[in-house]
Amino acid sequence: MTKYVYDFAEGSKELKDLLGGKGGNLAEMANLGLPVPPGFTVTTDACRAYLRTGDEPFGLADEIDLHLERLERQAGRRLGDTADPLLVSVRSGAKFSMPGMMETILNVGLTDTTVIGLAGQTGGDERFAWDSYRRLIQMFGRTVCDVPGEQFDRALDAAKAAKGTTDDLGLDADDLRALVTTYKEIFTAHTGRAFPQDPRDQLDQSIRAVFSSWNAERAVLYRRQEHIPTDLGTAVNIVAMVFGNLGPDSGTGVAFTRDPATGAPGVYGDYLANAQGEDVVAGIRNTMPLQDLAGLDRRSYDELLAIMARLEAHYRDLCDIEFTIERGKLWMLQTRVGKRTAAAAFVIATQLIDDGVIDADEALTRVTGAQLAQLMFPAFNLAGRPERIAAGIAASPGAAVGAVVFDARRAAEVAADGTAVILVRRETNPDDLPGMIAAQGILTSRGGKTSHAAVVARGMGKTCVCGADGIDVDVHQRRFTVDGHVVSEGDVISIDGTTGSVYLGAVPVQPSPVVRYFEGTLTPGADPLVAAVDRILGHADKVRRLAVRANADTYDDAARARRFGAQGIGLCRTEHMFLGERRPLVERLILARTDKERDAALADLLPLQRADFVQLFQAMNGLPVTIRLIDPPLHEFLPPLDELSVKVALAESRGEPDGHDRALLDAVQRMHEENPMLGLRGVRLGLVVPGLFAMQIRAVAEATLACREQGVTVLPEIMVPLVGAVQELEAVREEALQLLRTLGVDARIGTMIEVPRAALTAGEIARAADFFSFGTNDLTQMGWGFSRDDVEGAFFTRYLELGIFGVSPFESIDRDGVGRLVRIAVDEGRRTRPDLHIGVCGEHGGDPESIHFFHDAGLDYVSCSPFRVPVARLEAGRSTVAATGSDTR
Ligand code: PEP
Ligand code: MG
């Protein structure tokens, strides 16, 4: 029979799939002998079964009975005992952390009778007991029975107003007892039944509510944003309650074993005396630095530090920790390998190498390409001395500029028009998530580095400044005031998540130090982050099997790509060279009525193409350059049909016909295609327009010869686009070889694999190809039958909502379908020609997930845009290490 419940003594961090991160780590701490309150975990299996059937799986209730008994024995208290009641927390905990996205219910076990027992248990602290009870009714009502939270908030506000206080602490035991009565009335009015007085019933309902919260809207949205699979489910942790709100010798806090923003070693965290855990994370009150706990309670502080050192050594990584002190006794409530900024990830990974904790291979598993991409974001240029109007806590790095908005809905609306926005809130909560996703950055006036805003922003790689307490946010008036300034909705501000500064107006931005390092204007010695990136990337280069090339078709792009570490050009889209002022020449080619006219147009294009290639070859001296013959339909070089029709019609109606425009219009009409993406393009064009490919091949050959004369080493590769049959490639290849032979130039000739038929007949095509390069943009388009230009806006959002795919297949390779075509082509191509050189030059070549796939599929290189080259180098290295067994997630 499936086992659905694990005592902490039975679990471990290795069982994360089953026990979730929180449950697995609680078990790990308990088994290390750390002070964890007794508890047990209901597995994700149980959650999935519940979500599937709407009912608890058979046997779960009995198992809970058994574990509850054990918990009661360990705690020395019983659930529902009127004299000395056990209270438990019921918390969600999925495999991947989803901060604040699912539900938690505290103080389960309180009833009209046990509340009296609780007061007795806490030395007659009636106020505390009634406050705990009203919190339970509120949390249970909202979470389990969907009672609108505002109804409880209003009742609390009314109680405070009646007492003439604005602070919860202004309410005494009698006030809170009365509030409990009101809360119970609210509960009954909404649900039609009394607040449950059976603690076991409270527990069962709470567990079910936590299961269901896996599918809460905000949780679904968060998973989509973070690419977390939808079918994992959450575990539920039932833990004996400990209280941080029992007076000044109690409190609660969050701590990191290193600074999660910079990676600097040392203890770091926030502490809030006389408070419950949720108060810190919610950012409701401003916290004190963890170090100040030493002055309040030295013994607990020292014990906490010792535990933190132990956890870091055990996990071999930065840990974050939630703890509570109940009347001078320290309890560990949670730990996990902590989220960190991208910069901290690199710095910590190299520190851990230096400390001898991990080796360089493992360091590669501690950083990601997405983090490196984030570090390539720009920062503010302060040379113009912008006006700094406030300072807060630097919670998530980056430089964000945008128009101020004060609520999530508005943020999403304004951002939908393409306007950059900064979401400004007193503090954020999970309902703000859509606005946080839409915003460039987030600014809050309350809360520390561990507040909701900070944690979520860091997870998303968004700039965030929080706890800027000089700012007075007035959401209703849609403005904030600070230091005599009034900033209204729509006003532009700039926020610096690296320093915590807030500036009025748009501050110009400058490149990141990491980009300056790649550009060669900053040495690794000048900046510890750059030194860490240099070291880790250096190791990735050492271990990776995949080469990294760039997609570039100008000298500047090629030169930049080379500075960023590209080992050649994997795709030069020659059609880009036909645009701009050369358009008239292409028009002449298209309008040519005789062979002579066409040859003359091509002859005029030849020197221009040759000059283009000379530049690329110079930039890539000594490295291979893949020139792809022209791909798109020729009419893309002509004006749009409707525009031209109107122009011609107007001119003719005025009696001023223009012969050139009329001829152009005739050509556009003649060439019009219903589905140009499936029409006369690529190799088809080359076989239909005599001399076009030959001109390009001649330009490659002549540029090669010219460069060689200058001492430049050229390794030219000629690539044929859109091939579907070996005969197409053979025809071009024969002509190319003849021409190259005549000119005395050697070049590799290969093909793109971007039509499904090419993938399926790759064994034959390889007979005529020295290399393959997967055009995964077209292969995805034609594999799925999705128009590249239309579908992402048309229905991908719905498809993502429906879970048909977790991420757009144009962004990350569809391993099962398009990926299968890739694998077939690699296998069959190499069967014909074992030395076939194979790469990819579609957008997926720079996508971290896809790079791992291409490594596994046995490709030789990936080619991507110059800015993604460092990311691809890192991910290629990570692929090698992952393939040899380390965990890369
Ligand atoms: C591709 O199809 O993946 C490709 C690289 O070619 P293009 O994007 O130019 O069609
Ligand atoms: Mg293509």
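Draft legend 1. Local environment of helix α23 (residues 595-619). For α23, which comprises 25 residues, the first-to-last C-alpha distance of 36 Å matches the rise-based estimate of 36 Å (1.5 Å per residue) to within 8%. Of all the bends in α23, the largest measures some 25° and sits at L606, one to four residues before the proline P607. By the burial criterion, the buried members of α23 are R598, A601, L602, L605, L606, Q609, D612, F613, V614, L616, F617 and A619. Packing partners of the buried residues in α23 comprise α21 (555-563), β27 (569-573), α22 (583-591), β28 (624-628), α27 (692-709) and β29 (715-720).

Draft legend 2. Structural context of the pattern of salt bridges. Taken as a whole and judged by the stated rule, the model has 58 salt bridges. Between R873 and D541 there is a salt bridge; the shortest N-O distance is 2.7 Å. In this pair, R873 sits in helix α36 (residues 869-883) while D541 sits in helix α20 (residues 528-543), placing the two residues 332 residues apart along the sequence. With relative accessibility at 9%, the residue R873 sits in the buried group.

Draft legend 3. A look at the sheet that holds strand β26 (residues 547-551). Sheet architecture is closed into a barrel: 8 strands sit in the order β26-β27-β28-β29-β30-β31-β32-β33, paired in parallel fashion. Pairwise comparison of adjacent strand axes, ignoring direction, gives a mean angle of 25° for this sheet. Sheet topology places β26 next to strand β33 (residues 861-864); 4 bridges connect them, and they run parallel. Its bridge partner being in β33, A550 is matched across the sheet by C864. Each of β28 and β29 is contacted by α27, which is oriented at about 170° to β29, the strand it contacts most. Its contacts with the sheet place α36 against β26 and β33, and it is angled at close to 160° to β26.

Draft legend 4. Representation of the site of ligand 1. Near ligand 1 there are 14 residues, and of these R573, R628, G775, N777 and R788 occur at the shortest range. N777 is positioned such that a nitrogen or oxygen atom in its backbone is 2.7 Å from an oxygen atom of ligand 1. Contact with the protein chains hides 95% of the accessible area of ligand 1, taken as 280 Å² for the molecule alone. Elements supplying a minimum of two residues to the shell around ligand 1: β27 and α31 (776-784). The greatest single-element share of the shell around ligand 1, amounting to 3 residues, is contributed by α31. The class makeup of the residues in the shell around ligand 1 is 3 nonpolar, 4 polar and 7 charged.

Draft legend 5. Local environment of the environment of A762. The topology assignment puts A762 in helix α30 (residues 762-765). Judged by its relative accessible area of 0%, A762 falls in the buried class. Put simply, A762 and I116 are 646 residues apart on the chain and 78 Å apart in space, counted from C-alpha to C-alpha. In this structure A762 touches F772, A825, E828 and G829, once residues within four positions along its chain are discounted.

Draft legend 6. The arrangement of the pairing of strand β32 (residues 837-840) in detail. Where strand β31 (residues 771-774) and β32 come together, 4 bridges link them in parallel fashion. Considered in β32, the bridge of F772 is made with I838. Where β32 lies against β33, 2 bridges are found, and the strand directions are parallel. Each bridged residue has a counterpart across the sheet, and for V840 the counterpart in β33 is V862. In this region the chain leaves β32, passes through helix α35 (residues 848-857) and returns to the parallel neighbour β33; the handedness of that crossover is right-handed.

Draft legend 7. Quick look at the coordination of the magnesium ion (ligand 2). Taken together, the protein donors to the magnesium ion (ligand 2) comprise E754 (OE) and D778 (OD), at separations of 2.0 to 2.1 Å. Of this pair, E754 sits in the loop between β30 (748-753) and α29 (756-760) while D778 sits in helix α31; the two residues are 24 residues apart in sequence, bridging distant segments of the chain. With respect to class, E754 is no different from D778; both count as buried.

Draft legend 8. Seen up close, helix α4 (residues 114-121). For α4, every residue scored as buried is listed here: T114, V115, G117, L118 and A119. Lining the buried residues of α4 we find β4 (85-86) and α5 (126-145). Backbone geometry just after α4 places G123 at a positive phi near 70°.

Draft legend 9. Structural context of the sheet that holds strand β2 (residues 39-42). Spatially, β1-β2-β7-β5-β6 is the arrangement adopted by the 5 strands of the open sheet, whose pairing is antiparallel. Of all strands in the sheet, those bounded by a partner on one side alone are β1 (5-7) and β6 (104-108). Taken over all neighbouring pairs, the strand axes of this sheet differ in orientation by 20° on average, direction set aside. Relative to β2, β1 runs antiparallel, the two sharing 3 bridges. Bridging from a neighbouring strand, D7 pairs with F40 of β2. Across the sheet, helix α8 (residues 199-213) lies against β2, β5 (88-94), β6 and β7 (234-240), angled at about 150° from β7, the strand it touches most.

Draft legend 10. Main features of the side chain of E875. Looking at the secondary structure, you find E875 in helix α36. Judged by its relative accessible area of 2%, E875 falls in the buried class.

Draft legend 11. Layout of the state of the cysteines. Within this structure, the stated rule accounts for 0 disulfides. Left unpaired, C464 is separated from the closest cysteine sulfur, that of C466, by 4.9 Å. The buried category is assigned to C464, whose relative accessible area is 0%. Since its relative accessible area comes to 0%, C466 is described here as buried.

Draft legend 12. How the structure looks around the nonpolar core. Counting residues in hydrophobic clusters, the biggest one holds 135 residues, and the most contacted among them are F346, V533, F617, F772, F774, L859 and L874. If you tally residues by element for this core, the top one is α27, at 10 residues. Excluding residues within four positions of it along the chain, V533 makes contact with F346, L372, L375, V514, Y517, F518 and G538. Of all hydrophobic cores here, the second largest spans 57 residues; its members include V5, V88, L118 and Y133.

Draft legend 13. Focus on the packing of α31 against helix α34 (residues 818-832). Relative to each other, α31 and α34 sit at 115°, their axes nearing to 9 Å. As α31 runs across α34, the sense of the crossing is right-handed. Listed contacts from α34 to L779, T780 and W784 of α31 are V818, L821 and V822. Per-class residue counts for the contact of α31 with α34 are 5 nonpolar, 1 polar and no charged.

Draft legend 14. Representation of the side chain of T626 within the structure. Considering the arrangement of structural elements, one finds T626 in strand β28. There is a polar contact of 3.0 Å between the side chain of T626 and the side chain of R549.

Draft legend 15. Highlighting the packing of α21 against α23. Two elements in contact, α21 and α23, have axes whose closest approach is 9 Å; the angle formed by their N-to-C orientations is 15°. Comparing the axis directions of α21 and α23 gives the class roughly parallel. Helix-helix and strand crossings are classified by hand; for α21 and α23 the assignment is right-handed. Contacts between α21 and α23 involve Y555, A558, A559 and R562 from the former and Q615, L616 and A619 from the latter. In terms of residue class, the contact of α21 with α23 is made up of 5 nonpolar, 1 polar and 1 charged.

Cut-offs applied
Residues numbered from 1 in each chain as written. Chains lettered and ligands numbered in written order. Predicted model: local features only at pLDDT ≥ 70, side-chain atom pairs only at ≥ 80, totals over all residues. Heavy atoms only, no water. Helix = DSSP H or I, 4+ residues; strand = E, 2+ residues; numbered from the N terminus. Expected span 1.5 Å × (residues − 1). Bend = angle between axes of the 7 residues up to and from the residue. Buried < 20%, exposed > 50% of the residue type's maximum accessible area, 1.4 Å probe, protein only. Contact = heavy atoms within 4.5 Å. Salt bridge = Lys/Arg side-chain N within 4 Å of Asp/Glu carboxyl O. Pairing = 2+ DSSP bridges. Axes fitted to C-alpha atoms, helices over the stretch in contact; angles between N-to-C directions. Near = heavy atom within 4 Å. Polar contact = N/O pair within 3.5 Å; in protein donor to acceptor, adjacent residues only side chain to side chain. Areas by Shrake-Rupley, 256 points an atom, 1.4 Å probe, with all protein chains shown as cover. Nonpolar A, V, L, I, M, F, W, Y, C, P; charged D, E, K, R; others polar. Right-handed = clockwise from strand over helix to strand, strands pointing away. Donors = N, O, S within 2.8 Å, 3.2 Å for Na, K, Ca; no water. Disulfide = S-S within 2.5 Å. Core = buried A, V, L, I, M, F, W, Y, C linked by side-chain atoms within 4.5 Å. Left-handed = near helix turned anticlockwise from the far one by under 90°. Parallel < 35°, antiparallel > 145°, perpendicular 65-115°, else oblique.

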